[in-house]
Amino acid sequence: MSRARRIYCICYSLMILGLAALFCLPSPLPELTPREKWSSFQAWLGPPPQELHTEDWVTGQDDYRGITFVFHASEDWHAEIAERFGLAAGRHGTSRLQPHWREAVDPGSPLLTGWRKRLAEIRTGEPVYDVKDMALARLRDGRTMLVFRYRWDNTFGNHSYVFSAYEPGQGRDFPSWYVVLYGSAVVAFFLLAPLGFLLLFPRFDLRKKRHTALWFATALLYPIGLGFLTLPFIYSGSEALVAFIALLIIVEPLQLIGALVLYLIARNLLRARA
C-alpha cells in the first residue's frame, strides 16, 4: 500500500470515529428554560406567565412527548383555554396524571380534560402539533397546572383543530458553530462516508465506466437505503411517506451534485498519482 493510500485510510477512519463520537455525545446546548418551552405553544396559549415551572411527562407509551406547566393564572385565562380546547370535567380518553400531580390537584376544583386536538396556524391553516391527554386544573397551593402530550405533525387528519390566536413565541437560535458542525456531520454521513469507503479499495480508481456508475449509484442509493431502514421507526406511515418524498426531492439532487464535485476531485488526484 502506498504512503498516500495509508494516509487516506487513516483520515477516513478518523472521520468515521469523529461521526460516531458526535452521535454519542450529549447535546452541548443548555436545556430549554420554562419560558422557551412555553414559547413553542405561545401561539395557542398566550404570552408566558410569571413564575412558570415545567416538568417533562414521560410515559414510554408512544412517540409523544409530555410536558407539565405550573404557574399562576387568572380565572379569565382558565375560561378562555377551556373554551378554546374544549376542556370539560371528565376523562375524555386522556391518560391518568402522574401520582404526585394527582395528589396536588385541588379536590374542590374540577379536573378539566379534552379530546385529541391538532394545533394549526391561523395564517396558513396548516397543522403544527398533534396534542392529546390535555388536562387543566387548580392545585392546592392556588397555582394552575396545564399538562399534555404532543408531537410535531403537519399532516391533516380527522381531528378537531385549534387555530393560533396569539403571536408565536421566539424560538432559540442555534449558535453558528453548532450549525456548521452538525451540517458538516450530515454531509459527511450522507456523502463522504459512502463514497470515501469506495476509495479504500486500491483497484477503485474511477478509470472504468463501472467505477463511475458505482460512484453515482452509491451516492443515490445510500440515503434511500437509510430511509427505508429508519423512517418507519421514526415517523408514522403518512409522516414517513412525506419524509421519503422530501428525501427524493431535496436530498437526492444534492447528493448528485456533491458526488459530481467529489468525482472530479478524486479522479484528478488519482490520475496525478498514477
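What counts, and where the lines are drawn
- Residues numbered from 1 in each chain as written.
- Predicted model: local features only at pLDDT ≥ 70, side-chain atom pairs only at ≥ 80, totals over all residues.
- Heavy atoms only, no water.
- Helix = DSSP H or I, 4+ residues; strand = E, 2+ residues; numbered from the N terminus.
- Buried < 20%, exposed > 50% of the residue type's maximum accessible area, 1.4 Å probe, protein only.
- Contact = heavy atoms within 4.5 Å.
- Phe/Tyr/Trp six-rings, centres within 6.5 Å; stacked < 30°, edge-to-face > 60°.
- Lys NZ or Arg CZ within 6 Å of the ring centre and 35° of its normal.
- Core = buried A, V, L, I, M, F, W, Y, C linked by side-chain atoms within 4.5 Å.
- Salt bridge = Lys/Arg side-chain N within 4 Å of Asp/Glu carboxyl O.
- pLDDT = per-residue confidence, 0-100.
- Expected span 1.5 Å × (residues − 1).
- Axes fitted to C-alpha atoms, helices over the stretch in contact; angles between N-to-C directions.
- Parallel < 35°, antiparallel > 145°, perpendicular 65-115°, else oblique.
- Left-handed = near helix turned anticlockwise from the far one by under 90°.
- Nonpolar A, V, L, I, M, F, W, Y, C, P; charged D, E, K, R; others polar.

1. Some words on the overall build of the chain
Right, so step 1: When helices and strands are counted, the chain shows eight helices and eight strands.
Right, so step 2: Overall size of the chain, expressed as C-alpha extent along the three principal axes, is 85 × 35 × 30 Å.
Right, so step 3: When each of the 274 residues of the chain is scored for burial, the buried share is 37%.
Right, so step 4: For the chain, the proportion of contacts with a sequence separation of at least 24, taken over those separated by at least 6, is 68%.

2. Considerations on the packing of aromatic side chains
Right, so step 1: The final tally for this structure, using the stated rule, is 20 aromatic pairs.
Right, so step 2: Taken together, a centroid distance of 5.0 Å and an interplanar angle of 80° make the contact between phenylalanine 41 and phenylalanine 148 edge-to-face. Taken together, the positions of phenylalanine 41 in the loop between helix H2 (34–39) and helix H3 (42–45) and phenylalanine 148 in strand E7 (residues 144–152) put the pair 107 residues apart, joining distant regions of the chain.
Right, so step 3: Pairwise contacts between aromatic rings join Trp38, Phe41, Trp44, Phe69, Phe71, Trp77, Tyr129, Phe148 and Tyr150 into one cluster.
Right, so step 4: When the ring centre of tyrosine 64 is taken as reference, the NZ or CZ atom of lysine 132 above it lies at 4.2 Å.

3. What about unusual backbone geometry?
Right, so step 1: Of note in the backbone geometry, glutamate 51 takes a positive phi value of approximately 50° without being a glycine.
Right, so step 2: Tracing the chain through its elements places glutamate 51 in the loop between H3 and strand E1 (53–57).
Right, so step 3: Judged by its relative accessible area of 54%, glutamate 51 is exposed.
Right, so step 4: The backbone of leucine 206 shows a phi angle near 65°, a positive value even though the residue is not glycine.

4. Some thoughts on the nonpolar core
Right, so step 1: Counting 26 residues, the largest nonpolar core has Phe69, Phe85, Leu146 and Phe148 as its most contacted members.
Right, so step 2: When contributions to this core are tallied by element, the ones reaching two or more residues are H3, strand E2 (65–71), helix H4 (75–85), strand E6 (127–138) and E7.
Right, so step 3: In terms of residues, this core owes the most to one element, E6, which gives five residues.
Right, so step 4: The residues contacting phenylalanine 148, other than those within four sequence positions of it, are Phe41, Trp57, Arg65, Gly66, Ile67, Phe69, Val131, Lys132, Asp133 and Met134.
Right, so step 5: Counting twelve residues, the second largest nonpolar core, distinct from the first, contains Phe204, Trp215, Phe216 and Tyr263.

5. Details of the pattern of salt bridges
Right, so step 1: Here the structure, examined in full by the defined rule, presents eight salt bridges.
Right, so step 2: Ionic pairing is found between arginine 84 and glutamate 80, a salt bridge with its closest N-O pair at 2.7 Å. Of this pair, arginine 84 and glutamate 80 both sit in helix H4, separated by four residues, roughly a single helical turn.
Right, so step 3: Classification of glutamate 80 as partly exposed rests on a relative accessible area of 29%.

6. What to know about the confidence of the model for the chain
Right, so step 1: Put simply, the chain has an average pLDDT of 86, and 91% of its residues get 70 or more.
Right, so step 2: The element-level mean pLDDT for the chain is lowest in helix H8 (residues 237–273), coming to 85, with E2 highest at 93.

7. Quick word on helix H6 (residues 176–198)
Three- or four-residue spacings in an α-helix give side chains the same orientation, since the helix completes a turn every 3.6 residues.
Right, so step 1: Taking 1.5 Å as the rise per residue, H6 with 23 residues should run 33 Å; its terminal C-alpha atoms sit 32 Å apart, in good agreement.
Right, so step 2: Within H6, the full set of buried residues consists of Tyr178, Ala185, Ala188, Leu191, Ala193, Pro194, Leu195, Gly196 and Leu198.

8. Digging into the packing of helix H1 (residues 3–24) against H6
Helix packing for two helices is described by the angle between their axes and how far apart those axes are.
Right, so step 1: Packing of H1 against H6 brings their axes to within 10 Å, and their N-to-C directions diverge by 135°. Judged by the inter-axis angle, H1 sits oblique to H6. When you trace H1 past H6, the crossing you get is left-handed. Residue-level inspection shows Tyr8, Tyr12, Met15, Ile16, Leu19 and Leu22 of H1 in contact with H6, the latter providing Leu181, Tyr182, Ala185, Ala188, Phe189, Leu192, Ala193, Gly196 and Phe197.
Right, so step 2: Class assignment for the residues of the contact of H1 with H6 results in 14 nonpolar, one polar and no charged.

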